[in-house]
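Survey of secondary and tertiary structure
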Amino acid sequence: MALLCPASLSSTNDLTSAGSVLKNNCRRPSGDEQSIESTVSPVPLALPGKTQLINHFEINEQWYLVDLPGYGYARVSKSSKKTFQKFITSYFKKRKQLVSAFVLIDIRHEPQQIDLNFMQWLGEHQIPFSIIFTKSDKLKPKAIERNILHYQSILSENWEELPQHFITSSTKFDGKEELLNYIDSINLSIKNTKSQFD
């Protein structure tokens, strides 16, 4: 998941922040590093379930990608999962700079309750988010469409308006431009809003 925040709210500097939370069935390296390959020097990310710190990646001296511990990876002990979950939710509640979240979902799998619960939590706390479906290169186009429609049908049971989504592949770079353009549009909107009050 990634979150963006306006520079005017930053307590440390004038850069926008983004945060990324990886989940149990989203193996690394994944879309969060590959999709920004053209804007940031490659940084090797940890193996799945190994991230236990907040890692900040500065992008174009304008915003940050923030990598947070995964909240459900199977190889992590139950006590560690609970610690990570509390850590992540606390981070979202207190990090005023964050504007938008990106939840990474492996498109090959059935909707996981832990993901649905987390997105519900984001909605209840009014944290805007989008879904990044990863591993699209592993499925045929019809299977991708079928899986997304299935995911949307489940989300629509609790959501009047479905979150925006992106279909990505870290090997074929599918969805890279769409995602970068979306982030650029958010940053531009924040910049324009800030200039109105300067």
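For the structure itself, look to the data block above.
Residues numbered from 1 in each chain as written. Predicted model: local features only at pLDDT ≥ 70, side-chain atom pairs only at ≥ 80, totals over all residues. Heavy atoms only, no water.

1. Brief notes about the pattern of salt bridges
Tallying each qualifying case throughout the model produces 3 salt bridges. Salt-bridge contacts for Lys 135 lead to Asp 106; the nearest nitrogen and oxygen are separated by 4.0 Å. In this pair, Lys 135 sits in the loop between strand S5 (129-134) and helix H4 (141-155) while Asp 106 sits in strand S4 (residues 101-106), placing the two residues 29 residues apart along the sequence. Judged by relative accessible area, which is 13%, Lys 135 ranks as buried. The class for Asp 106 is buried, based on a relative accessible area of 1%. A salt bridge links Lys 138 to Asp 137; its shortest N-O distance comes to 4.0 Å. A relative accessible area of 23% means that Asp 137 is categorised as partly exposed. (Salt bridge = Lys/Arg side-chain N within 4 Å of Asp/Glu carboxyl O. Helix = DSSP H or I, 4+ residues; strand = E, 2+ residues; numbered from the N terminus. Buried < 20%, exposed > 50% of the residue type's maximum accessible area, 1.4 Å probe, protein only.)

2. Description of helix H3 (residues 113-124)
End to end, H3 covers 16 Å across 12 residues, agreeing with the expected 16 Å (1.5 Å per residue, within 8%). Here H3 has its buried residues at Asp 115, Leu 116, Phe 118, Met 119, Trp 121 and Leu 122. Downstream of H3 by one or two residues, Gln 126 has phi in the positive range, about 55 degrees. (Expected span 1.5 Å × (residues − 1).)

3. A short note on the packing of H3 against H4
Helix-helix packing: each pair is described by the crossing angle between the helix axes and the interaxial distance. Packing of H3 against H4 leaves a shortest axis separation of 12 Å and a crossing angle of 50 degrees. Relative to H4, the element H3 lies oblique. For the element pair H3 and H4, the recorded crossing hand is right-handed. Taking contact as the criterion, the partners of Asp 115, Leu 116 and Met 119 in H3 are, on H4, Tyr 151, Ile 154 and Leu 155. Tallied by class, residues from the contact of H3 with H4 come to 5 nonpolar, no polar and 1 charged. (Axes fitted to C-alpha atoms, helices over the stretch in contact; angles between N-to-C directions. Parallel < 35°, antiparallel > 145°, perpendicular 65-115°, else oblique. Left-handed = near helix turned anticlockwise from the far one by under 90°. Contact = heavy atoms within 4.5 Å. Nonpolar A, V, L, I, M, F, W, Y, C, P; charged D, E, K, R; others polar.)

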